[in-house]
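The residues making up each chain are set out below.
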Amino acid sequence: MEYKSLAISFRIELGFHAANNEGAGGTNVMESRRITVGDKEYDGISGEIIRHHILEQFVKLCQANKVSLHQRCHGLVPDRCREEVKQWMQNHNVERLFPEQHYSPLSREILNNCALCDAGGYLVALQQQQDKVEGTLKRDSCFEVGWLITEHPTIVNYTQHSAYDPDPEKHNLFVQNMRNGVYGGVLRIDLDRIGFNDWWWLEQNNQYAIGDAERAKRIRLLLQAIRHWLLSPSFAKQAGWLQHMSGLLEGSIVLSKDGPAPFYSPIKFELENGDPNKPIIRPNREYRDLLDKLKDACGKTLEVCRFDSPDEFKKRMVEIEEKFRALEKEDNKGDDNESSTSS
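Residues numbered from 1 in each chain as written. Predicted model: local features only at pLDDT ≥ 70, side-chain atom pairs only at ≥ 80, totals over all residues. Heavy atoms only, no water.

J.: Quick question: what am I supposed to make of the confidence of the model for the protein chain here?
T.: Interpretation of the predicted coordinates at a detailed level should be avoided for regions scoring low in pLDDT. When the pLDDT values of the protein chain are averaged, the result is 89; 86% of them are 70 or greater. This stretch, residues 23–30, has a pLDDT under 50; its non-local contacts, to residues over four places away or in other chains, come to 14 contacts. Under a pLDDT of 50 for its full length, residues 337–343 has, in the predicted model, 0 contacts with residues more than four places off or in other chains. (pLDDT = per-residue confidence, 0-100. Contact = heavy atoms within 4.5 Å.)

J.: Help me understand the environment of Lys278 in this model?
T.: Looking at the secondary structure, you find Lys278 in the loop between β13 (267–271) and β14 (279–283). Expressed as a C-alpha distance, the spacing of Lys278 and Gly38, which sit 240 residues apart in the sequence, is 5.8 Å. Not counting chain neighbours up to four residues away, the residues in contact with Lys278 comprise Glu270, Leu271 and Glu272. (Helix = DSSP H or I, 4+ residues; strand = E, 2+ residues; numbered from the N terminus.)

J.: What is the right way to read the packing of helix α1 (residues 47–64) against helix α6 (residues 212–231) from this model?
T.: The geometry of α1 relative to α6 is characterised by a closest axis approach of 8 Å and an angle of 125 degrees between their N-to-C directions. One element, α1, and the other, α6, form an angle in the oblique class. With respect to the hand of their crossing, α1 and α6 are arranged in right-handed fashion. Side by side, α1 and α6 meet where Ile50, His53, Ile54, Gln57, Phe58, Leu61 and Cys62 of the first sit next to Arg218, Leu221, Leu222, Gln224, Ala225, Ile226, His228 and Trp229 of the second. Residue composition of the contact of α1 with α6, by class: 10 nonpolar, 4 polar and 1 charged. (Axes fitted to C-alpha atoms, helices over the stretch in contact; angles between N-to-C directions. Parallel < 35°, antiparallel > 145°, perpendicular 65-115°, else oblique. Left-handed = near helix turned anticlockwise from the far one by under 90°. Nonpolar A, V, L, I, M, F, W, Y, C, P; charged D, E, K, R; others polar.)

Written out as structure tokens, the structure reads:
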């Protein structure tokens, strides 16, 4: 599989939303998460919440496409594969996990049986007193998402509400904020880590726990999940506070055949009028030009495509997804030919 990594740098406008609120902090005012730079505050939406919702989409796509998931991972549980690790240890009469003996075969079985554990990673920590077995096993996520950060200081609108109570003297007032902004975002996927057993070297076995066709399918579904999220973002606090979308969605997609895909942010940090006491965040108007220049310098190892609207983004992503769909078909065709020859 020639592609090693994919990155997306993008700008998106979200209006009148309450995504990623911090909480009330003991007051009746629901505060948003903000980033302070110098004497200014910028709105921020955590990459963790974005990543969670992308994985929600990924699980749904896996279910629809009959891709393997552990039973509890259908529910996107935070302690994924914990029970499967315990069951594996019981089946193999293992009371304690040792890296040299257990990490590679156990990881191979987990990756083979669950696409969510493969793409999203996991951390299992077992204790003898609680679990009757002990040991730890970890896998890092195959994709990373940066915070969405506004390219301008925070714009906040406050609205006042009351929590209903039959007793009119118990109507509790609370204040909810809505924010507006143009956000810069970045994400990157390590395509070559999908299906990759990080511990293969401990037993000098195959590096990948699954075949190329299954790897290509999982990659395609993860790309599709990201496409779905960017075209219709989901966050926390949306039931009555769904964001208004203006249609602003632009950016660049980078496919790399040689290591991690590079990306440049649509926002940048600089000093206002060169004053070290006045740091600010501003739009980085050159982020796509910089990627185009880098592509020219790297030659055939990079593919860069721009998008200036939601429909262009969908078109570009579908084109990339089809590259991996073709790899699924090629590998399955090869398997069929081998079966025919052996028979």
